[in-house]
Structure formats: C-alpha cells, structure tokens
Amino acid sequence: MASERVIVVGAGLSGLATALGVALRGGSATVYEAADLVGGAAAYSGGQVWVGANHVAEREGIDDDLERAERYVRDIAHDHPEVLDEAAMLRWLHVSPEATRYWEKVGAIRWTVIPGLADYHNEAGGALEEGRYLTNEVIDGSALGEWRGKLRVSPFFPVGTTYADMFVKGRRLTGFGVTDAGEDEAAPKDPLTFGTGVVASFLARVLQEKNIEIKLGQPVTELLTEDGAVVGVRAGDVEQRGPVVLATSTYDWDPELVREFLDLEPEDFGSVAPNSLRGDGIRLARGAGAATVTIPATSVPILPGWRAGDGYGYGPEYAMPHAIIVDAAGNRYCDDSYWVDIVAKTLDPANRHLPFFLIWDEQHHAKYGLGETGPGGEYADEMGVKRASTLAELAAELGIDGEQLERTAARFNGHARAGEDPDFGRGTVTYVRRFAGDPSHSPSPVLGEIAKAPFFGLRLKFVGTGIGSSGIHADGDGRVLNNDGEPIPNLYAVGSCAALTTTGTGYNSGFALGRGLTLAYLVANELTSTNRPVENPSVTA
Ligand SMILES: Cc1cc2nc3c(=O)[nH]c(=O)nc-3n(C[C@H](O)[C@H](O)[C@H](O)COP(=O)(O)OP(=O)(O)OC[C@H]3O[C@@H](n4cnc5c(N)ncnc54)[C@H](O)[C@@H]3O)c2cc1C
C-alpha cells in the first residue's frame, strides 16, 4: 500500500473516482483542481457510460457477453491498427464490468441502463440495440451539502429530467421545458441527472471519506522528478510529494495542441468542455519524459458547433429535420446527422471539406431553434447566423456556390419527402434517430425539407467535448509510458488525458467515461494493493 498520500490532478469524474478508490482501500489522496468547480467535462456530459457485458443490463434482463462486446470494439476499431493497443483494449473490456459493479457496490453510484439507446455502429458485429449505456439513477443535490454550490452543472442537457423523459419529446425540445414533469411529492427536490448527476453521485461518496481532500482553484503547474521517477507536484507555491495520477482531461482549450493533434486552426475549432481543459496533463507528462499518441483527427469525437456567449455551443440541431451540412461548393458530402461521418469526411486529408456550413429553414427555426435560442427566437449575434429570403442569397452571404446549393436542397427535399437519403444515409443510424432526432416528425425523425423562407445558415466550427482521443501514452493499467515504452515510476494517467489507444480509431459514446472509471479503478488498486489481484477486489464499504 502506498504510504504517501496519492496526488490526483483534476477533480473530474476519473480523478474523483481514483481518489475514492484509494481511500476505500485504506490510502489517502489529495485532489488538486484548477477550476473553482468540481466535475470537469464529465459534469457537462450526457453521462453515458459504455460498458459491455455489464451487471446492470443483466439485472434488467438484457442479454450481452464479453465476446460480443469485444467483437463490436474490434469491428469499429480496425481503421488504423497501429494506434490500437490490443492489450489495453482487452484489459479495459475485461475489467470494466468488474469496475462498474465495484463502484455501485461501494455506494458511489446507483446505475441504470439508458432505455432504448443503441450502440452507434448498428451495422457492426456484436452491436446491441440497448444495454451498454449506463447512467445514474436520479440523485438529489442535497446529498452534497455545501458542495452542491461547487458542482459544475451542464448547460447542454436538461439536468433534472431523465433519458426516459427526454426520449418522449426529443432531446432538443426537452431542453426548453416541453415535457410534463408532473407533480410527485416523493420526487427529489433537486434532481441531478446526466453527467452532472453521475459526478454528483461520486462526489457525494467522496465527501464521506475523511482521507480525501479536494483543493479547488489550485492548478498543478509542474511534476517533480528525481532520477527519472516522478516524486510529486508543484501547485503554485505548494510542493507535495507522492505518486501522481493525472486526470486533467484533454487539450481542447490549447490552440497549439489542437493544431498538433487535429490540424485545426481557431477559426474552425472551439470547445464545449470547461475552459480549464488546457492540455496541462499532456504538457506535464511530456515534461517528465512521457510519450504521447496521436489518433487520426478523422476519428476524434468533435462535433459541429458555433460560438455562444463567450464560449461555444452545440446540440442535436444539425441532425434534426429541415437542416443539412454543405461545403463551400454547395454540396452535401456525408451523413450530416452523424458526427462520426461528418468528422471523417470533413477532415479527410485527401479531400477536406473546410469550411463547412449548416443550412436550415424557417420550419427548423420555428420548431427547434438553435443552441440557447429557443424555437422561433432571435439568434444571438455571436453565432454568426445569416438569414435570407432565398437559398441563393443565403449562399452569397456565406460564400457558398448558390446555384449548387439550390440543386443540393432540391435533391435533398425529394429524399426528405420519401423519408430516405440514398445519397448519404441520413437517418440510418439508430443512435442518432433516438438521441438527436425529433420523434414527432415523420416519415423520418431526422429528414425534413428545406423549403420554407426565410433560410438560415452559419459557418460551422468543430467543437471539442473533452475527449480528444490523442494524449498521454499509458498502458492498460494507466501507467504512463516513456518513449521506450517503459512505465515512468509513480506517474499514472486516467480519463481522457490518456490517449484512447484502448479503442484506436473506433469511438462510441460512453467510451470516455467508461474507460475513465475503469482506469480509476485499476490505478487505485495498484497504488494501494499491488499484490492483490484486481479480479477479486475486497470492498470495504
Ligand atoms: C457536452 C458534453 C457531452 C459529453 N457526453 C459524454 C457522454 O455521454 N459519455 C462520455 O463517455 N463522454 C462524454 N463527454 C466527454 C467526457 O465528458 C470527457 O471525456 C470526460 O469528462 C473526461 O473525464 P476526465 O475525468 O478525464 O476529465 P474531466 O471530467 O474533464 O475533468 C478534468 C479536470 O481536470 C482539471 N484540470 C485540468 N488541468 C488541471 C491542472 N493543471 N491542475 C488541476 N486540475 C486540472 C479540469 O479543470 C477538470 O475539472 C461529453 C463531453 C461534453 C463536453
């Protein structure tokens, strides 16, 4: 067992879980957090935690097994075999069900399966229609006491409602209070759900452990090293010695690292993750001799978005009826309802489609709005929305070929009326129809004509979501590796600061949080009980 306090850098989900795992096994931990709030990108997230062959699905009578989960991951992760770490993938797949069970057993979370949410790649071998996305049962904010005010709350999900509620009216309209919550005296007064709720659950359990201290507003600025080993950290004026676990997430708000990993300039990139995700962990690790891994930009989970307030916004609106994405030539070029295809095609090095634009009509404006603008509202200036009475005029304003845009829209409208998009398969991904589409729209929840003036458009940006894919090179147990592939003593990486070599170029929603919680479990084990086999954790709570 580590005699020194474990130092965790970052109080997002993976950092909190690591500290909890350490404390539950008799150790102690200090968590340094750069921001004034707890939760990181995890608290902004959808709280979808992907776990193959998990006990919650089993509890709910859903059939799955590790062989199918592995087949699914292999099937979607084959593009660039050189960035898939076979051993790390197997470690994650095999340990994640056990870790998931552990976190529930120790009272860090009460899991539930997100109903009816299918794996992204429904065509892949081993894909499931439902069962691998977990999230928390509603937790009441009162469980956090005075820490409730220090919890980051997501502006991107209707925190307080549940996935089941949301699927009735659709994600977009639930955000504008279009669901009937009903009156239930027994219901929590401060219900927390989605990623905010997942973090709140872990935080509530962390707060019960005397051996964990959380220091807010104290970024770690340096790793202390001796003879090639990490011996502690510096956070401003403070120095602390002990093994270090980096849990700082990605490089979203560092333009240099964005350029290095994604080859995108600020005019085409922003982030919906908190602005304390500045690539610190990657720079700290590099400073201590760590290697990094670059996952091809074409498979990084970045989403179409826009400027909002002094940050960025995104939402399912691009995937809703009466909208398309085109390039400057006025052409559609991808399944523009599905970020996986949008990223792959827009950033294809052989044929990049930047800049790219969202085009929609008055029906979309009236029914859905965009970002913080509710249905029928005025778009905020900073979003850069253009408006015109014809598509040709709109195209001229945006710098798009107008004649081609009209042809593209006319062709798309025929497909929209038929409810099928033979050109690019918009509407063929079950996950998108369920998570992003308008369930009240037929014949397809994601296809609708762009026909009613005025027409609207904006130049899109890709926005990061604190996943990033590229990052610190760590093995399947979270040990940070140097350029020779050797572990750097006393240095670990959990969560999204560690490159997603576990799944290479294959991504499915929930991999980030699912792997984060698995690495937290493994690293906490290693730091507290190196001789104990992880397959048989002894639970102390
Ligand atoms: C809108 C949105 C929706 C998402 N939905 C999902 C989803 O449903 N499922 C999923 O799997 N993923 C989702 N993600 C991605 C996921 O939230 C992140 O990948 C995940 O939160 C990363 O977890 P983490 O623990 O590594 O880091 P985070 O939760 O981001 O926490 C990192 C923390 O480190 C702190 N930090 C940074 N630098 C320092 C420093 N130098 N010193 C001290 N602290 C520091 C940060 O302030 C932050 O609090 C979503 C993200 C967003 C933004």
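The coordinates are above.
Definitions and limits used
Residues numbered from 1 in each chain as written. Predicted model: local features only at pLDDT ≥ 70, side-chain atom pairs only at ≥ 80, totals over all residues. Heavy atoms only, no water. Helix = DSSP H or I, 4+ residues; strand = E, 2+ residues; numbered from the N terminus. Contact = heavy atoms within 4.5 Å. Axes fitted to C-alpha atoms, helices over the stretch in contact; angles between N-to-C directions. Parallel < 35°, antiparallel > 145°, perpendicular 65-115°, else oblique. Left-handed = near helix turned anticlockwise from the far one by under 90°. Buried < 20%, exposed > 50% of the residue type's maximum accessible area, 1.4 Å probe, protein only. Pairing = 2+ DSSP bridges. Phe/Tyr/Trp six-rings, centres within 6.5 Å; stacked < 30°, edge-to-face > 60°. Lys NZ or Arg CZ within 6 Å of the ring centre and 35° of its normal. Near = heavy atom within 4 Å. Polar contact = N/O pair within 3.5 Å; in protein donor to acceptor, adjacent residues only side chain to side chain. Areas by Shrake-Rupley, 256 points an atom, 1.4 Å probe, with all protein chains shown as cover.

A.B. asks: Report on the environment of Val446, specifying residues and quantitative values.
C.D. replies: Tracing the backbone shows Val446 in the loop between helix H15 (430-435) and strand E20 (455-459). A C-alpha to C-alpha distance of 5.9 Å links Val446 and Gly427, two positions 19 residues apart in sequence. Once residues within four sequence positions are removed from consideration, Val446 is found in contact with Ala319, Met320, Pro321, Arg426, Gly427, Val432, Arg433 and Gly437.

A.B. asks: So, the packing of helix H1 (residues 13-24) against helix H8 (residues 194-206): which residues are in play, and what are the values?
C.D. replies: Contact pair H1 / H8: the axes reach a minimum separation of 10 Å and the direction vectors enclose 30°. Considering their axes alone, H1 and H8 lie roughly parallel with respect to each other. As for how H1 packs across H8, the hand of that crossing is left-handed. For the pair formed by H1 and H8, the contact residues are Leu13, Leu16, Ala17, Leu20 and Leu24 on the first element and Val198, Val199, Phe202, Leu203, Arg205 and Val206 on the second.

A.B. asks: I'd like a rundown of unusual backbone geometry, residues and numbers included.
C.D. replies: Geometrically, the link from Leu354 to Pro355 is a cis peptide bond, its omega value of -5° lying close to zero. Secondary-structure assignment places Pro355 in the loop between helix H11 (339-346) and strand E18 (356-361). Here the bond from Ala453 into Pro454 is cis, since omega is -5°, no more than 30 degrees from zero. With respect to the secondary-structure elements, Pro454 resides in the loop between H15 and E20. We note that Ala53 has phi near 50°; this positive angle belongs to a residue other than glycine. With respect to the helices and strands, Ala53 occurs in the loop between strand E3 (49-50) and helix H3 (55-59). The phi dihedral of Asn490 is positive, around 70°, even though this residue is not glycine. Position of Asn490 among the secondary structure elements: in strand E24 (residues 487-493). With a relative accessible area of 32%, Asn490 lands in the partly exposed category.

A.B. asks: If you had to explain the sheet that holds E24 to someone new, which residues and values would you point to?
C.D. replies: Pairing is mixed across the open sheet formed by six strands, whose spatial order is E8-E2-E1-E12-E24-E23. Across the chains shown, the open sheet's two edge strands, defined by having one partner strand only, are strand E8 (212-215) and strand E23 (479-481). Averaged over all adjacent pairs, the angle separating strand axes in this sheet is 30°, with direction ignored. Judged from the four bridges that link them, strand E2 (residues 29-32) and E8 form a sheet pairing that is parallel.

A.B. asks: Go over the pairing of strand E5 (residues 133-136), please, and point to the residues and values.
C.D. replies: Because side chains alternate across E5, one face comprises the buried residues Tyr133 and Thr135, and the other comprises Leu134 and Asn136, equally buried. Here strand E4 (residues 111-113) runs beside E5; their pairing, made up of three bridges, is antiparallel. Of the residues in E5, the one forming a bridge with Trp111 is Asn136.

A.B. asks: Could you give me a rundown of the packing of aromatic side chains, with the residues and numbers involved?
C.D. replies: In the structure shown here, the tally under the stated rule is 28 aromatic pairs. The positively charged end of Lys150 is found above the aromatic ring belonging to Trp147, 4.7 Å away from the centroid. Sitting above the plane of the Tyr312 ring, Arg307 keeps its charged end 4.4 Å from the centroid.

A.B. asks: A description of the sheet that holds strand E9 (residues 222-226) should follow, citing residues and the corresponding values.
C.D. replies: A sheet is described by the order of its strands in space; here three strands give the open sequence E9-E10-E11, paired in antiparallel fashion. Both edges of this open sheet fall to E9 and strand E11 (238-241), since each of them pairs with a single strand only. Averaged over neighbouring strand pairs, the angle between their axes works out to 30° when direction is ignored. Taken together, the four bridges between strand E10 (residues 229-235) and E11 define a ladder with antiparallel strand orientation. Directly across from Val233, in E11, lies its bridge partner Gln240.

A.B. asks: Report on the site of the ligand, specifying residues and quantitative values.
C.D. replies: As a matter of local geometry, the ligand sits amid 40 residues, with Ser14, Glu33, Ser276, Asp280 and Gly466 nearest to it. The side chain of Ser14 places a nitrogen or oxygen atom 2.8 Å from an oxygen atom of the ligand. Within the backbone of Gly510, a nitrogen or oxygen atom sits 3.4 Å from an oxygen atom of the ligand. Protein contacts shield 98% of the accessible area of the ligand, which totals 1000 Å² for the unbound molecule. Secondary structure elements with two or more residues in the shell around the ligand: H1, helix H2 (40-44) and helix H16 (511-528). Per element, the largest residue contribution to the shell around the ligand is four residues, and it comes from H2.

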